[in-house]
Amino acid sequence: MEKILTGTVVLDLTRYFSGPQATLFLAGLGAEVIKIDDPATGDPTTFSPPFAGPAGVSFRRETPADMGIAYLKRARGKKSVGLNLKDPEGRAAFMKLVQSADVVIDNFSAGVADRLGIGYEALREANPAIIHCALTGYGSTGPERHLKAYDLMVQAAVGMMSITGQPDAPPAKAGSPISDAIAGTFAATGILAALLHRNRTGVGQSVDVSMADCLFALMFDEPLDCYESLGLPLRQGNRIMRFSPFNAYRTRDGWVVAGAATQDDWSALLRVMDREDLAADAQMGSLSWRLANNAAVDSLMSDWAARLDSAEVLRRLNDAKVPCSPVREIGDVMQWQQLRDRDMMTPLWNPLAQAAVAAQGPGFPIKFSASKAAYDAPAPLPGQHSREVLMALGGFRASDVDDLARRGIISGA
């Protein structure tokens, strides 16, 4: 099956996680994603720890073939061109590529692309139909647009750290760099929307994506601004303020999560716990009372779960169709057949070692009935496609490419 974005050319100027996440999704959908890397420094994750190679995984390069695990994951399905954008000839070569491209994406700090001479206005002059995506910490407008930001700073800035963890606990970030991942997902969505708009109108445009905006947009579905009026602490632990019970409960041999989102869930839970005597209790039968007295409800659940093994708790809850799950360690997740059956764990190929390594990457998370979506190619060697791309997309002659390579303006050719 043909992929949805087959024939779409994306010039990728991004680094680290948020931008490469966006272009990884586009590559999975079939776009020709071309990483543009500085010949002198390359992609900073290519040879950054932790490494994976012939000797396994480690924090040090044990062999010359070791490469960064992050690079092996995030550069899958992409091409690599080494091109010095700070050199006038390198910038001119890039603009030739822009003339044949559909999308340019960067995650420079606000204003950097303009200073390099490759901001949206310059791109649009070279190709009026171009889609440009700028992915920054705080957006391209506003008083703090120039501040540098990583995931931790964004989680702190929008209040995520103030609501993560148990009440009275210190600020804590989410266990994964969620603002990076979310911003990358929104950036891919914005690019797809802009491509659809261009298909309908013929008009290109710039897409402004802020990590802070994206994380706040998802976080603020919760009425956090009303918590004080409701007498609730901002840190709710594993709870959701609208449901009770809704938490993690210790069993005899582990932990499970369970929750009642509806009155039917609550009635089923009472039957499972052999506490149908509470069905007629005016207090326990009221969601408003349970929310205000959640500690009493949690105590009821905890006492019941603590007497049973996890497998038995889950069997009873699933039989009653009460939402639940074991709390899996990552080792258990890697063996979970549900994810394996959906191809969500794929081997990583190291192009230097010419072999699969002892690490895996995520598969493409969306399944289509009439289209293929997957990361068909491994991460490229740095500059592997410089000659191919410059000649095919930029119209350069072989002698031109050789000359640029001799003078260090491009690499890998």
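All values reported here derive from a predicted model rather than from experimental measurement.

Description of the sheet that holds strand 11 (residues 255-259)
Judged by pairing direction, the sheet is antiparallel, and its 3 strands sit side by side in the order 10-11-12 without closing on themselves. What marks the edges here is a single partner per strand, and that holds for strand 10 (246-250) and strand 12 (324-326). When the angles between neighbouring strand axes are averaged without regard to direction, this sheet yields 20 degrees. Here strand 11 runs beside strand 12; their pairing, made up of 3 bridges, is antiparallel.

As for the environment of Phe-216
Within the secondary structure, Phe-216 sits in helix 9 (residues 211-219). The class of Phe-216 is partly exposed, set by a relative accessible area of 36%. In sequence terms Phe-216 and Ala-157 are 59 residues apart; their C-alpha atoms lie 9.5 Å from each other.

A closer look at a nonpolar patch on the surface
Together, Ile-4, Ile-366 and Phe-368 make up an exposed nonpolar region whose accessible area comes to about 260 Å². In this structure, Ile-4 sits in the segment before strand 1 (9-12).

Overview of the packing of helix 1 (residues 18-28) against helix 8 (residues 178-201)
Two elements in contact, helix 1 and helix 8, have axes separated by 7 Å at closest approach and are oriented at 45 degrees. Between helix 1 and helix 8, the crossing angle belongs to the class labelled oblique. Crossing of helix 1 over helix 8 shows right-handed handedness. Judged by residue contacts, Ser-18, Gln-21, Ala-22, Phe-25 and Leu-26 of helix 1 engage Asp-180, Ala-181, Ala-183, Gly-184, Thr-185, Ala-187, Ala-188, Ile-191 and Leu-192 from helix 8. Of the residues in the contact of helix 1 with helix 8, the class split is 9 nonpolar, 4 polar and 1 charged.

Quick notes on the sheet that holds strand 7 (residues 103-106)
If you trace the 7 strands from one edge of the open sheet to the other, you get 9-8-7-1-2-6-15, paired in mixed fashion. Looking at which strands have only one partner, the edges of the open sheet turn out to be strand 9 (205-210) and strand 15 (410-411). With 3 bridges connecting them, strand 1 and strand 7 associate as parallel partners. Across the sheet, the residue bridging to Leu-11 is Val-104, located in strand 7. Lying over the sheet, helix 1 contacts strand 1, strand 2 (32-37), strand 6 (78-83), strand 7 and strand 8 (131-136), oriented at roughly 130 degrees with respect to strand 6. Contacts between helix 9 and the sheet are confined to strand 8 and strand 9, with strand 9 contributing the most and set at about 65 degrees to the helix.

Brief notes about the nonpolar core
Grouped together as the largest cluster of nonpolar side chains are 41 residues, with contacts concentrated most on Val-10, Leu-26, Cys-133, Ile-191 and Val-209. Residue contributions to this core peak at 7 residues, all from helix 8. Those residues in contact with Ile-191, other than ones at most four positions away along the chain, are Leu-26, Val-103, Ile-105 and Cys-133. Residues Val-9, Ile-36, Val-98 and Ile-409 belong to the second largest nonpolar core, which totals 29 residues.

Cut-offs applied
- Residues numbered from 1 in each chain as written.
- Predicted model: local features only at pLDDT ≥ 70, side-chain atom pairs only at ≥ 80, totals over all residues.
- Heavy atoms only, no water.
- Pairing = 2+ DSSP bridges.
- Helix = DSSP H or I, 4+ residues; strand = E, 2+ residues; numbered from the N terminus.
- Axes fitted to C-alpha atoms, helices over the stretch in contact; angles between N-to-C directions.
- Buried < 20%, exposed > 50% of the residue type's maximum accessible area, 1.4 Å probe, protein only.
- Patch = residues over 30% accessible without salt bridge, like charges linked within 9 Å, V, L, I, M, F, W, Y side chains within 5 Å.
- Areas by Shrake-Rupley, 256 points an atom, 1.4 Å probe, with all protein chains shown as cover.
- Salt bridge = Lys/Arg side-chain N within 4 Å of Asp/Glu carboxyl O.
- Parallel < 35°, antiparallel > 145°, perpendicular 65-115°, else oblique.
- Left-handed = near helix turned anticlockwise from the far one by under 90°.
- Contact = heavy atoms within 4.5 Å.
- Nonpolar A, V, L, I, M, F, W, Y, C, P; charged D, E, K, R; others polar.
- Core = buried A, V, L, I, M, F, W, Y, C linked by side-chain atoms within 4.5 Å.

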